[in-house]
Every structure is written in structure tokens, then in C-alpha cells.
Amino acid sequence: GDIQDSFGIQESLSELNQLADTAGLKVVGSTYQKLSSPNPRTYIGSGKVSEIKSAIHALGVETVIFDDELSAGQLRNLEKIFGGDVRVCDRTALILDIFNQRAATHEASLQVALAQMEYQLPRLTKMWTHLERQAGGKVKGMGEKQIEVDKRILRNQIGATRKELESVRQHRKQYRNRRFSVPVPVVSLVGYTNAGKSTLLNQLTGADVLAEDKLFATLDPTTRRVQMKNGKEFLLTDTVGFIQKLPTTLVAAFRATLEEISESSLLVHVVDISHPLAEKHIEAVDKVLSELDVLLIPRLMVWNKVDKASDPQKIRLEAEKREDVVCISALNGDGLPEFCNAVQEKLKDSMVWVEALLP
Ligand code: GDP
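Residues numbered from 1 in each chain as written. Predicted model: local features only at pLDDT ≥ 70, side-chain atom pairs only at ≥ 80, totals over all residues. Heavy atoms only, no water.

### Quick word on the overall build of the protein
The line we're drawing: Working definition: helices are DSSP H or I runs of at least four residues, strands are E runs of at least two. Numbering for both runs from the N terminus. With a 1.4 Å probe rolled over the protein chains alone, any residue whose accessible area is under 20% of its type maximum counts as buried; one over 50% counts as exposed, and the rest are partly exposed. Contacts: residue pairs with any heavy atoms within 4.5 Å of one another. Here, Shrake-Rupley sampling with a 1.4 Å probe gives the accessible areas, and only protein chains in the shown set may cover a residue.
Scanning the protein for helices and strands turns up 13 helices and 9 strands. Relative to its full complement of 359 residues, the protein shows a buried share of 45%. Pairs at least 24 apart in sequence give 68% of the contacts found in the protein among residues at least 6 apart. Carbon and sulfur atoms provide 51% of the accessible area of the protein, an area that totals close to 19400 Å².

### Let's talk about helix 4 (residues 72-82)
For helix 4, every residue scored as buried is listed here: Ala72, Gln74, Leu75, Asn77, Leu78, Glu79 and Phe82. Gly83 lies just past helix 4 and shows a positive phi near 105°.

### Thoughts on the site of the ligand
Our working rule: Throughout this document, a residue counts as near a molecule or strand when at least one of its heavy atoms sits within 4 Å of that molecule or strand. Identification of polar contacts relies on pairs of N or O atoms within 3.5 Å, with a donor-acceptor requirement for protein atoms, meaning one able to donate a hydrogen and the other able to accept it, and with residues adjacent in sequence counted only if both atoms are side-chain atoms. Note on residue classes: Ala, Val, Leu, Ile, Met, Phe, Trp, Tyr, Cys and Pro are nonpolar, Asp, Glu, Lys and Arg are charged, and everything else, Gly too, is polar.
Taken together, 16 residues form the shell around the ligand, and within it Asn194, Lys197, Ser198, Thr199 and Asp307 come nearest. Between the ligand and the protein, one listed contact pairs an oxygen atom with a side-chain N or O atom of Lys305 at 3.0 Å. In the environment of the ligand, a nitrogen atom lies 2.7 Å from a nitrogen or oxygen atom belonging to the side chain of Asp307. When the free accessible area of the ligand is taken as 580 Å², the share hidden by the protein chains comes to 78%. The element that contributes the greatest number of residues to the shell around the ligand is helix 9 (residues 197-203), accounting for 3 residues. Split by residue class, the shell around the ligand holds 4 nonpolar, 8 polar and 4 charged.

### Focus on the packing of aromatic side chains
Convention followed: Each pair of aromatic rings taken from Phe, Tyr and Trp, with Trp reduced to its six-membered ring, is defined by centres within 6.5 Å and is described as stacked if the planes are under 30 degrees apart, edge-to-face if over 60, and tilted in the remaining cases.
Here the structure, examined in full by the defined rule, presents 4 aromatic pairs. The interplanar angle of 90° and the centroid separation of 6.3 Å between the aromatic rings of Tyr43 and Phe66 together place this pair among those described as edge-to-face. Taken as a pair, Tyr43 in the loop between helix 2 (9-22) and helix 3 (46-59) and Phe66 in strand 1 (residues 63-66) lie far apart in primary sequence, 23 residues in all. The class for Phe66 is buried, based on a relative accessible area of 7%. Each member of the aromatic cluster is reached from another via a ring pair, and the members are Phe99, Tyr192, Phe242 and Phe254.

### Quick word on the pairing of strand 6 (residues 233-238)
Condition: Paired strands, in this sense, are two strands between which DSSP finds at least two bridges.
Judged by how many residues are buried, strand 6 sits mostly within the fold: 5 of 6 residues are covered. The sheet contact formed by strand 3 (residues 186-190) and strand 6 spans 4 bridges and is parallel. Each residue of the ladder has a partner; that of Val187, found in strand 6, is Leu236. As defined by bridge partners, strand 5 (residues 223-227) adjoins strand 6 across 5 bridges and the pair is classed as antiparallel. If you follow Thr223 over to strand 6, its bridge partner there is Thr237.

### As for the nonpolar core
The nonpolar side chains of a soluble globular protein tend to be buried with one another. Applied cut-off: Note on terminology: a nonpolar core comprises buried Ala, Val, Leu, Ile, Met, Phe, Trp, Tyr and Cys residues joined through side-chain atoms within 4.5 Å.
Ranked by size, the top nonpolar core spans 48 residues in total, and within it Val64, Phe82, Phe99, Leu258, Ile261 and Leu289 carry the most contacts. It is helix 5 (residues 91-102) that provides the largest number of residues to this core, a total of 6 residues. Dropping the residues within four chain positions of it, Ile261 is found in contact with Ser188, Val190, Thr239, Leu267, Leu289, Leu292, Val294 and Ile297. In this structure, Leu189, Val226, Val270 and Cys340 belong to the second largest nonpolar core, which totals 24 residues.

### A closer look at the side chain of Glu107
Within the element layout of this structure, Glu107 appears in helix 6 (residues 106-120). The class of Glu107 is buried, set by a relative accessible area of 5%. Not counting residues within four places of it along the chain, the set of residues in contact with Glu107 comprises Leu165, Val168, Arg169, Arg172 and Glu259.

### Points about the confidence of the model for the protein
Cut-off, in case you're wondering: Every residue carries a pLDDT, the predictor's confidence in it, which falls somewhere between 0 and 100.
For the protein, per-residue confidence averages 85 on the pLDDT scale, and 82% of positions sit at 70 or higher. Of the regions scoring below 50 in pLDDT, residues 211-217 engages in 16 contacts with residues more than four places distant in sequence or in other chains.

### Points about unusual backbone geometry
One non-glycine residue, Asn194, lies in the positive phi region at around 85°. Among the secondary structure elements, Asn194 is positioned in the loop between strand 3 and helix 9. Overall, Asn194 belongs to the partly exposed group, its relative accessible area being 38%. Positive phi, normally seen in glycine, also occurs at Asp324, with a value near 65°. Structurally, Asp324 can be placed in the loop between helix 12 (312-321) and strand 9 (325-327).

### Details of the packing of helix 2 against helix 5
This is how the line gets drawn: Under this scheme, a helix contributes an axis fitted over its contacting stretch, all axes are lines through C-alpha atoms, and angles between N-to-C directions fall in the 0 to 180 degree range. In this scheme the handedness of a crossing depends on how the near helix is turned from the far one: anticlockwise by less than a right angle means left-handed, clockwise means right-handed.
Look at helix 2 against helix 5: their axes get within 10 Å of each other, and the N-to-C directions meet at 40°. The two elements helix 2 and helix 5 meet at a crossing, and its hand is left-handed. The residues of helix 5 that touch helix 2, namely those facing Ser12, Glu15, Leu16, Leu19, Ala20 and Thr22, are Arg91, Leu94, Ile95, Ile98, Gln101 and Arg102. For the contact of helix 2 with helix 5, the residue count by class is 6 nonpolar, 3 polar and 3 charged.

Laid out in C-alpha cells, this is it:
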């Protein structure tokens, strides 16, 4: 699509870098190569393979991540060349890891597990290599049989997971429209990866709108309890970020992971307003939100990284013209008190809304 077209190699690699970071990996370097067609055995050319292999040894690298999807054969060949303990994976596997960490509901976990198994199915080769190695390559036939058995087991698991997912969905449909009054409202941050959601979450600790740091307790890595000086409090929770280059096979898992936001009192849409594709990002997020069951939840838009924008003044003026837009710089703390006040105002709206629904 449009986003994809103007999405260059550098941007794609920087997004991959960010994703690795989110997955808890420390990135020590990146490289790319332009080939007229990928090498069928190793995806990249042999010179590049040697270059990466030297870097692996020099830097003690444990994982090599490719930005494009690799075949089972390519993954296996590269692991063989790079040696024993080096894990080779691709963007899809990395994103699946992140979704797996972030799946908060049963339904999301099932959807992610399903995507993981579907990804594994054509790549089941491990057993084959192990057997081959053990017997010095002599029991190839036996290894192949084992693969067929493994594939059958995996296919059965995929079928069972699909069924379970269906029944969980049916169950949820019955309950979806009941919103329970929660003692502390939940505010969910949504937006692209790299928009600054986790920076915002962390910076709020230092914002002087909060009562005390210790009340800003971490419930899980992605949720904070925010208590303001006026005594009001809310839970602020980060969600799995949108990704520009999301493999189509992961769309369902992504949406399922995002579905938990249907329980929130308020959605805060964080935008990197300094990004050249900010408009496109906003549209893409709005589109997905309109397809989830969240249309009735009040929203607030946050234009972040105003400090980095080419014309911050223009952006501020534009934001003033619009309702429901707050300008901030999560990095240096600009606009955070205004942000918290806007959240409070919006939450008042949502309380009115909840009351209006009561008989
Ligand atoms: P997330 O993926 O949405 O959680 O984004 P992060 O919070 O990890 O931020 C992504 C990158 O943007 C990090 O390098 C941040 O330091 C940077 N960043 C976040 N907020 C701002 C901001 O207000 N101004 C600038 N210049 N950089 C920011």
C-alpha cells in the first residue's frame, strides 16, 4: 500500500531495531544488501554471510534477525554456517515473540499461538537436522518420518486451537456489551511502534501532576497506576504497537492482541507528529480501531515529539484548532500536565456515558 511504497530500507531496519528492543534484545549492529534476486540457499550473498559471521564472533552475537521472511532451508543453512548457538530468525518470528509477550486475554493468546504454529509448520526441520547430525547423516529416512509425525501433531494442534478460539469468541460475544463499572478507570495508549508510548508511560513518573512517585506503581511491565495531586487516579496501559511492515499472516494475531482495549474507559492515540507519514499512521490506526469493538469509547489524540517537528509552532496552532488533540514531548516532559488534565476531562465524559447507560 501507500505506506509500504514510501517505506525505505533504512526505515524498515530502524523499525526492526525498535521491535528487537521491544522484545528485550540489545541490538549491536545492522547491515543490508541489495541483490537482484535473493540467494536461494542463504537469502543473502556469500560475501555478506562471511561478513556477518565475523561480526558474530567479534561481538558475541546470539541472534541474527532478517527483515524479510526466510524459508526453512535458508534459516537452517544460515544457522549451520553461523555455528552452534546462534539463533537465526526473521521479522515474522520476532513480531510473534512480541505478540506472545503482550497477549493479555485468553483469546489473544490463542490467536497468537495459532499464528506461531502456522509459521512453524512449513519450517519444521529441527528434528531432521538433529538426527542427521547424531548419526553422521545416515538416518535421513528416519528423520524424514519424524518430520511427518511432527507435522501431523502440529496440524492437530492447529485444528484444536481453531476450535477453542471459536468457542471463546462465541462466549465473548454474549458478554461483550456488558461493561462493568471498574473502581479505577483504565486508559489505553494506542499507536504505532516508536510513537513514544512507553516514553510517555515512563515520563509520567516525573510529571509534577502526580501525587507521589510511589503511587505510580507498576502493575505489570505495561501498566501504571497514575494518581494525580487532586486525588483522582487512573490506570495507564500500553498496548502492542502498530507496525508499518506487518506480515499479512500476523494481522489476525495483531488485532486479537489489541482487543483488550475494548475494556478501557478512554483510548489515547499517540502519534509521532514529526514523522513524515504521520497522517497515514493516524488513518491506519483509526481504520483498525473502527473495526474493533471500541467505537463508543471516548478518545484523545496526543501529538508527540513536537520538539522534533520541523515547525513546532505550526503544529501547536494546528492542534489548538482541533478538539481532542494535546501536544506533548514525552522525551522532555513538555505538555504532560496538560495531557493529564485532558485525560481527566475525558474520563468525566466517559463517566457520564456509563451513567447514561444505567437503567
Ligand atoms: P513506543 O514504541 O511507542 O513505546 O516508543 P518509545 O517510547 O520506545 O519511543 C521510541 C523512540 O522515540 C525512542 O528513541 C524515544 O526516545 C523517542 N521519543 C519518544 N518521545 C519523544 C519525544 O517527545 N521527542 C523526541 N525527540 N523523541 C522521542
